[in-house]
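# Remarks on the overall topology
These are the residues of each chain, in order.
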Amino acid sequence: MKVATCKSKRVIVVVFLGLSLQTPQVSYRTGKIQISNLNRNIKQRNIMRVTIQTIYLVALFTWGGCLLNYPVIDYKVEKLPSPRSTVGEVPHWNPKTRSLYYINIHDYNSSLHRYDYIENRVYTATIDGARTLLFLLPIKCTTDQFLIGIDRTAVIAQWDGRSPTVTINQALFELDCGTSNVINDIKTDQLGRFYGGTKCVESCDTNQRATGAFYGYEKGKCLRKFFENVFISNGLTWVRHTKKFYYVDSCTYDIKEFDYNPWTGDISNEHQLISLVQNGVKPNYVLDGMTNDRNGNLYVATFGGSKIIKINPRTRQILMEIVLPATQITSVAFGGPNLDILYVTTANKDGKQPEGSGYLYKVTGLQARGYAGVDLNLYDSCLWRTMRNNEHCNPFCSK
């Protein structure tokens, strides 16, 4: 993994700039050229000025790209008025309601949340009898229907976004049959197809075998398994103009890159983009949720790292780190009317995290715009809301 650092190059450029601004009585050394007294005559002074300016321009063109790729951005982090979550997760910006939907994952006490941008407040709801809620995804053509993850099952439920209770209508599919695994991070692609995986462990400090998997679901088609051997399925995002898909399994300490076919939904040609393991040493954090801006840069949450890492996948360089007053950063999503606000969910998983942990944050001033969340596409027609299922598929585990 390359880390873009231009400190030494900045110094060189600044030195040359400083030389061009000094008074002519001071001695200078530039390469093999030494001028002790620039007041000797006007001709020598002009030659020196041209020489310094030339070197400055060469330095600027040589290292200017690095400086431009590693800008000093004065971003602002704000804690939003939100309830403290055990594990806030899976943020999804919905432009129709100008709301950010997310989940508080807590065994036997999970809750659904909607942050209202206009009102600057959070509405909370629960599902009676539901054990662990894992994601909340708006459904296309509706204003009050959502796909919600409960343990290994995805269900269609109804919520008006304000009331404290949610009603389950029907189950849609079930993942990782015959295991104790649960659904983890999920998302939809630009056409509203479901992508998501499962996790089989709570911590990466384990010798347990990876039994999780990564799946896709599309209306009228069978549930498909893309790959197996997953520990904790986490961040996923698509860069549209390069047709690339990026994926995080937290316990492998890396980011995988795939080719993505937007017409078929296929992902292929997996390879490692970057790895956090340096000389066999793992960092003291893992990668979690992920999104990207319109320039294709990735924004990756670090669980245990107190920061979000911005990565250029073309150069594999870390462009910047966004530091937050919380240790367990779980996920990120662009939102707001102009899609230039980076919303951040955090966790207070063990109840012993710093005071700012577990709340919803927003980061502004990043000089970047992202994409809104895409509602899940389940219905053939928004007018009739008919759901076309494949008769040859059984999306549920045998009892």
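Numbers given to residues run from 1 along each chain, matching the order in which its sequence is written. The predicted nature of this model means local features are confined to residues of pLDDT at least 70 and side-chain atom pairs, given and counted, to a pLDDT of 80 or more, with totals for whole chains, interfaces and linings taken over all residues. Note: side-chain values were computed over all heavy atoms of the structure, leaving out hydrogens and water.

The subject of this paragraph is the overall build of the protein. Think of it this way: any DSSP run of H or I at least four residues long counts as a helix, any run of E at least two long counts as a strand, and we number them from the N terminus. Of the regular secondary structure elements, the protein holds 2 helices and 27 strands. Taking all 399 residues of the protein together, the buried fraction comes to 51%. Residue contacts are defined here by distance: any two heavy atoms, one from each residue, within 4.5 Å place the two residues in contact. For the protein, the proportion of contacts with a sequence separation of at least 24, taken over those separated by at least 6, is 51%. The cut-offs for exposure are 20% and 50% of the maximum accessible area for each residue type, with area from a 1.4 Å probe on protein chains only; residues under the lower value are buried, those over the upper are exposed, and the others partly exposed.

Turning to the sheet that holds strand β20 (residues 267-275), a few remarks are in order. When DSSP finds two or more bridges between a pair of strands, those strands are recorded as paired. Strand order in the open sheet formed by 4 strands is β17-β18-β19-β20, with antiparallel pairing between adjacent strands. The outermost strands of the open sheet, each flanked by one partner alone, are β17 (233-239) and β20. Taken over all neighbouring pairs, the strand axes of this sheet differ in orientation by 25° on average, direction set aside. In this sheet, strand β19 (residues 254-260) lies alongside strand β18 (residues 244-249) in antiparallel orientation, the contact comprising 4 bridges. Bridged to Tyr-247 within β19 is Lys-256. Whenever a helix is involved, its axis is fitted only over the stretch in contact; in every case the axis is a line through C-alpha atoms, and angles between N-to-C directions fall within 0 to 180 degrees.

Right, let's talk about the sheet that holds strand β15 (residues 212-217) for a bit. With respect to topology, 4 strands assemble into an open sheet ordered β13-β14-β15-β16, the strand pairing being antiparallel. A strand with exactly one partner marks an edge of an open sheet, and here the two such strands are β13 (182-188) and β16 (224-230). Strand-to-strand twist across the sheet, computed as the mean angle between neighbouring axes with direction ignored, equals 20°. As paired strands, strand β14 (residues 194-199) and β15 are joined by 4 bridges and run antiparallel to one another.

What follows concerns the packing of aromatic side chains. Any two of the Phe, Tyr and Trp rings considered here, Trp counted by its six-membered ring, make a pair once their centres fall within 6.5 Å; the pair's planes then place it as stacked at under 30 degrees, edge-to-face at over 60, or tilted in between. Scanning the entire structure with this criterion turns up 23 aromatic pairs. Seen from their ring centres, Tyr-195 and Trp-238 are 5.1 Å apart, and the 70° between their planes marks the pair as edge-to-face. Here the residue Tyr-195 occupies a position in strand β14, and Trp-238 occupies one in strand β17, the gap between them amounting to 43 residues. For the pair shown, Tyr-195 and Trp-238 are each scored as buried. Between Phe-227 and Phe-258 the ring centres are 5.7 Å apart and the planes differ by 10°, which places this aromatic pair in the stacked class. Of the two residues, Phe-227 is situated in strand β16 and Phe-258 in strand β19; the sequence distance between them amounts to 31 residues. In terms of burial, Phe-227 and Phe-258 fall into one category: buried. Here, over-ring charges are defined by two tests on the NZ atom of lysine or the CZ atom of arginine: distance to the ring centre within 6 Å, and angle to the ring normal within 35 degrees. Taking the ring centre of Tyr-123 as reference, the NZ or CZ of Arg-121 above it sits at 3.9 Å.

By disulfide we mean two sulfur atoms from cysteines, separated by a distance within 2.5 Å. Tallying each qualifying case throughout the model produces 1 disulfide. Each sulfur in the disulfide pair Cys-204 and Cys-251 lies 2.1 Å from the other. Measuring the twist about the S-S bond at about -85°, one finds the Cys-204-Cys-251 disulfide to be left-handed. Highlighted residues: Cys-204 in the loop between β14 and β15 and Cys-251 in the loop between β18 and β19, separated in sequence by 47 residues. This pair shows no difference in class: Cys-204 is buried, exactly as Cys-251 is. No disulfide involves Cys-200; its sulfur sits 7.6 Å from that of Cys-251, the nearest cysteine.

On to the environment of Gly-129. By secondary structure assignment, the location of Gly-129 is in the loop between β8 (121-125) and β9 (133-138). Classification of Gly-129 by relative accessible area gives exposed; the value is 83%. Separated by 21 residues in sequence, Gly-129 and Tyr-108 have C-alpha atoms that sit 8.6 Å apart.

This next bit is on the nonpolar core. Throughout this description, the term nonpolar core refers to a set of buried Ala, Val, Leu, Ile, Met, Phe, Trp, Tyr and Cys residues connected via side-chain atoms within 4.5 Å. Core analysis: the largest hydrophobic core is formed by 63 residues, its most contacted members being Phe-135, Leu-147, Ile-148, Phe-194 and Ile-255. Contact partners of Ile-255, with chain neighbours within four places excluded, come to Tyr-246, Tyr-247, Val-248, His-271, Gln-272, Leu-273, Ile-274, Leu-287, Met-290, Val-300 and Ile-311. In this structure, Tyr-299, Leu-324, Leu-342 and Tyr-361 belong to the second largest nonpolar core, which totals 18 residues.

Let's shift gears to the confidence of the model for the protein. Confidence scores here are pLDDT values: one per residue, from the predictor, ranging 0 to 100. Across the protein, the average pLDDT comes to 84, with 77% of residues at or above 70. Note that residues 3-39 has pLDDT below 50 and, in this model, 48 contacts with residues that lie over four places away or in other chains. Under a pLDDT of 50 for its full length, residues 58-69 has, in the predicted model, 11 contacts with residues more than four places off or in other chains.

Of the pairings in the sheet, the one linking strand β7 (residues 111-116) to β8 comprises 5 bridges and is antiparallel in character. Bridging from a neighbouring strand, Arg-114 pairs with Tyr-123 of β8. With antiparallel pairing between neighbouring strands as the criterion, β7 and β8 make up a hairpin whose turn holds 4 residues, including Asn-120 at a positive phi of roughly 55°.

Salt bridges are counted wherever a side-chain nitrogen of Lys or Arg sits within 4 Å of a carboxyl oxygen of Asp or Glu. Evaluation of the coordinates by the stated rule reveals 13 salt bridges. Close ionic contact of Lys-221 with Glu-218 constitutes a salt bridge, the shortest N to O distance being 3.6 Å. The partly exposed category is assigned to Lys-221, whose relative accessible area is 44%. As a salt-bridge pair, Glu-321 and Lys-307 come within 3.3 Å of each other at their nearest N and O atoms. One end of the pair, Glu-321, is in strand β24 (residues 317-323); the other, Lys-307, is in strand β23 (residues 307-312), and 14 residues separate them in sequence. Accessibility expressed as a relative area gives 38% for Glu-321, which makes it partly exposed. Taken together, the salt bridges that share partners define one network made up of Lys-199, Glu-202 and Lys-349.

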